[in-house]
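Summary of the model geometry
The residues making up each chain are set out below.
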Amino acid sequence: MNNETKAVVSVAEMARMVGLSRQRFYQVMGTTFPSPLYDTRTRRPFYPEDLQKVCLNVRRSNCGADGRPVMFYAKGHRPAVKKPRWI
């Protein structure tokens with residue numbers, strides 16, 4: 001999880017900053033995480049620095065922007081599976 005904020009970031013970068021996949025971030029955007037702002041000229045969503053801090057705080061505190069508790073799964077560490085070598 002990256003705690004460094006920038007002036008603005010895309011939705012994909014915000015998802016990386018909180019350690020979620022882009023797909024999962026889109027699923028919880030607007031409920032657990034705040035909705036992004038949109039550039040009026042390009043219609044692209046973005047997160048300014050203040051909303052980045054809110055998102056990082058949600059991830060750190062496990063309390064969503066809507067006030068509801070949320071549990072995030074940790075990335076599991078799977079041991080490497082050795083394939084048998086048939087000679």
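Predicted, not measured: the structure shown is a model, and the values here were computed from it.

Rules used throughout
Residues numbered from 1 in each chain as written. Predicted model: local features only at pLDDT ≥ 70, side-chain atom pairs only at ≥ 80, totals over all residues. Heavy atoms only, no water. 1 Å grid on protein atoms, 1.4 Å probe; cavity = no way out; pocket = protein on both sides within 12 Å on 5 of 7 lines; lining within 4 Å. Points joined across faces, edges and corners; volume = space filled by probe spheres on them. Helix = DSSP H or I, 4+ residues; strand = E, 2+ residues; numbered from the N terminus. Nonpolar A, V, L, I, M, F, W, Y, C, P; charged D, E, K, R; others polar. Axes fitted to C-alpha atoms, helices over the stretch in contact; angles between N-to-C directions. Left-handed = near helix turned anticlockwise from the far one by under 90°. Contact = heavy atoms within 4.5 Å. Pairing = 2+ DSSP bridges. Salt bridge = Lys/Arg side-chain N within 4 Å of Asp/Glu carboxyl O. Buried < 20%, exposed > 50% of the residue type's maximum accessible area, 1.4 Å probe, protein only. Phe/Tyr/Trp six-rings, centres within 6.5 Å; stacked < 30°, edge-to-face > 60°.

1. Notes on the layout of surface pockets
- Within this model, the largest pocket holds a volume of roughly 320 Å³.
- Lining the largest pocket are 15 residues, and of these Gly19, Leu20, Ser21, Arg24 and Tyr73 lie nearest its centre.
- For the lining of the largest pocket, the elements supplying multiple residues, two or more each, are helix 1 (11-18) and helix 2 (22-28).
- Here the residues of the lining of the largest pocket sort into eight nonpolar, three polar and four charged.

2. Remarks on the packing of helix 1 against helix 3 (residues 49-61)
- As a packed pair, helix 1 and helix 3 sit with axes 10 Å apart at the nearest point and diverge in direction by 35°. As for how helix 1 packs across helix 3, the hand of that crossing is right-handed. Across from Met14, Met17 and Val18 in helix 1, the residues of helix 3 making contact are Gln52, Cys55, Leu56 and Arg59.
- When the residues that make up the contact of helix 1 with helix 3 are grouped by side-chain class, the tally is five nonpolar, one polar and one charged.

3. Some points on the pairing of strand 3 (residues 45-48)
- Sheet topology note: the strand 1 (residues 8-9)/strand 3 ladder contains two bridges and is antiparallel. From the neighbouring strand, Val8 faces strand 3, where its bridge partner is Pro48.
- With two bridges joining them, strand 2 (residues 37-38) and strand 3 adopt antiparallel strand pairing. Residue pairing for strand 3: Tyr38 is matched across the bridge by Pro45.
- As consecutive antiparallel partners, strand 2 and strand 3 are separated by six residues, and within that stretch Arg43 has a phi angle of approximately 65°, a positive value.

4. Focus on the pattern of salt bridges
- Enumeration according to the criterion identifies one salt bridge in this entry.
- In this structure, the salt-bridge partner of Glu13 is Lys6, at a minimum N-O distance of 2.5 Å.
- Judged by its relative accessible area of 40%, Lys6 is partly exposed.

5. Some points on the packing of aromatic side chains
- A full pass over the atoms with the stated rule returns three aromatic pairs.
- Relative to Tyr47, the ring of Phe25 lies with its centre 5.9 Å away and its plane at 70°, an arrangement referred to as edge-to-face. You can see Phe25 sitting in helix 2 and its partner Tyr47 sitting in strand 3, a full 22 residues away along the chain. For the pair Phe25 and Tyr47, one class covers both residues: buried.
- Measuring from centroid to centroid gives 6.0 Å for Phe33 and Phe72, while their planes differ by 35°, and the two rings are tilted. Of this pair, Phe33 sits in the loop between helix 2 and strand 2 while Phe72 sits in the segment after helix 3, placing them 39 residues apart in sequence.

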